[in-house]
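Single-letter residue listing:
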Amino acid sequence: MSGVRAGHVPPARSDGPSVRGDAPLVLGIETSCDETGVGLVRGGLLLADTLASSVDEHARYGGVIPEIAARAHVEAMVPAVDRALSQAGLRHRDVDAIAVTAGPGLAGALLVGVAAAKAYAFALGVPLYGVHHLAAHVAVDTLEHGPLPGPSMALLVSGGHSSLLLVPDLATGAVIPLGATVDDAAGEAYDKVARLLGMPFPGGPPIDQAARDGSPTIAFPRAKAGDGTFDFSFSGLKTAVARWLEARNRAGEPIPVAAVAASFQEAVVDVLTAKSVAACRSHGVDTLVIGGGVAANSRLRSLAAARCAAAGITLRVPRPGLCTDNGAMVAALGSLQAAAGVTPSLLDMSASSTLSLERP
Ligand code: KG4
Ligand code: ZN
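Computed from a predicted structure; not experimentally measured.

> Explain the sheet that holds strand 3 (residues 45-53) here, please?
Hydrogen bonding along the main chain pairs the strands of a sheet, whether they run parallel or antiparallel. An order of 3-2-1-4-5 is seen for the five strands of this open sheet, with the pairing classed as mixed. With one partner strand each, in any of the chains shown, strand 3 and strand 5 (128-132) form the two edges of the open sheet. Sheet twist, expressed as the average angle between the axes of neighbouring strands with direction ignored, equals 20 degrees. With six bridges joining them, strand 1 (residues 25-30) and strand 2 (residues 35-42) adopt antiparallel strand pairing. Bridging from a neighbouring strand, L25 pairs with R42 of strand 2. Those strands touched by helix 3 (residues 107-124) are strand 1, strand 4 (97-103) and strand 5, and its axis lies near 160 degrees from that of strand 4.

> What is the right way to look at the coordination of the zinc ion (ligand 2) in this model?
Ideal values for angles at a metal depend on the geometry: 109.5 degrees with four tetrahedral donors, 90 or 180 degrees with six octahedral donors. Only H133 (NE2), H137 (NE2) and D325 (OD) from the protein coordinate the zinc ion (ligand 2), and they sit 2.1 to 2.2 Å from it. Read N to C, the donor residues that coordinate the zinc ion (ligand 2) are spaced as H-x3-H-x187-D. Placement of H137 in helix 4 (residues 133-139) and of D325 in the loop between helix 11 (320-323) and helix 12 (327-339) is noted, with a sequence separation of 188 residues between them. You'll find H137 and D325 in the same group, each marked buried.

> I'm lost on the packing of helix 6 (residues 186-196) against helix 9 (residues 257-282) in this one. Help?
Relative placement of two packed helices is described by the angle separating their axes and the distance separating the axes. The geometry of helix 6 relative to helix 9 is characterised by a closest axis approach of 11 Å and an angle of 175 degrees between their N-to-C directions. One finds that helix 6 runs roughly antiparallel with respect to helix 9. Where helix 6 abuts helix 9, its residues A186, A189, Y190 and V193 lie against F264, Q265, V268, V269 and L272. Per-class residue counts for the contact of helix 6 with helix 9 are eight nonpolar, one polar and no charged.

> Just to check I follow, could you spell out the state of the cysteines for this structure?
Covalent bonding between the sulfur atoms of two cysteines defines a disulfide. Inspection of every chain in the model, using the stated rule, returns zero disulfides. C280 supplies the cysteine sulfur nearest to C308, a cysteine that is in no disulfide, at a spacing of 6.3 Å. By relative accessible area, which is 1% here, C308 ends up buried.

> Looking at this structure, how should I read unusual backbone geometry?
When glycine is set aside, most residues are seen to have a negative phi, and most peptide bonds are trans. Across the junction of G103 and P104, the peptide omega takes the value -5 degrees, indicating a cis bond. If you trace the backbone, P104 turns up in the loop between strand 4 and helix 3. A cis geometry characterises the amide bond from G150 onward to P151, with omega recorded as -5 degrees. Mapping P151 onto the fold places it in the loop between helix 5 (141-145) and strand 6 (152-157).

Calculation notes
Residues numbered from 1 in each chain as written. Chains lettered and ligands numbered in written order. Predicted model: local features only at pLDDT ≥ 70, side-chain atom pairs only at ≥ 80, totals over all residues. Heavy atoms only, no water. Pairing = 2+ DSSP bridges. Helix = DSSP H or I, 4+ residues; strand = E, 2+ residues; numbered from the N terminus. Axes fitted to C-alpha atoms, helices over the stretch in contact; angles between N-to-C directions. Contact = heavy atoms within 4.5 Å. Donors = N, O, S within 2.8 Å, 3.2 Å for Na, K, Ca; no water. Buried < 20%, exposed > 50% of the residue type's maximum accessible area, 1.4 Å probe, protein only. Parallel < 35°, antiparallel > 145°, perpendicular 65-115°, else oblique. Nonpolar A, V, L, I, M, F, W, Y, C, P; charged D, E, K, R; others polar. Disulfide = S-S within 2.5 Å.

Pasting the structure below:
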């Protein structure tokens, strides 16, 4: 493969702050969707995490508009990097390596982050690590709970993905997809059902909130719950909720919003947690990490905790701010890769909207 490598991880500089002194300072850039995330990690310690979101610009469309997201990344990128450095009390020249989400995600949005990462790596003369977005979602947990035992299991649930991953070794890219969504992602289902209920985008938080005032009394279908695979499907559930609401409206009856929210939510988290525990059992794994925006869901957290405890599985869920897309997760994975001596990416690496789970 042709191209230029930006360099090798240099030893820590003596004039920088001495946090785990000999570990490289990694700046992580995430732009796969609508969040411009920049994080700074040194040796497993999170030093800064800044986020600029264009979510408000998408809200009136009920979903993320790729062109708007890409333009917002261009505007937010340099200020976000500067803010992260000043948050950590560091300067550009303190950075020892750059990590960036290479994919999967929105093509135009990814391109902005990758172009910025290359420019910083080239200008600073430091190595560049193109990382996989899903592996980064798993890696962020190490910032809060320390090294991940191998193998672990990861359930990643967000607006763009629902995935079950077997993770023998994050740093070297040994991440094996066991199952994924065959249609709507879990967060997407939340967003669509919220819209049906007249709630704002993104729909996860208002449904989570409304469900607290209701009980799951409506028996919505548990899609593919007993099919023995680790794939997920939520579009049938969304349609079932839509049909139920239509019937209710036709009959001129009021909509019990809290009960619908609770029943829909129970159907989602029942399937997510049952499949996660089944995947752990079938692969002899006793650690489950949950990440992605939907991991902020209160019922998912409580049901996962109960089912993991019953099955003897250690559950690790990062705090909500680290579950959603952010730069810290990218810096965390870059930091693990640098520590493991992984070969950096070439400066002609490209962004890939459909990047598979092999190292870019
Ligand atoms: O990871 P994320 O910030 O972005 C990507 O989609 O990659 O996840 C956003 C998704 C949205 O679909 C949002 O509705 C969902 O996460 N979400 C939630 C909650 N908070 C955010 N879903 C359920 N319950 C929540 N509390
Ligand atoms: Zn994500």
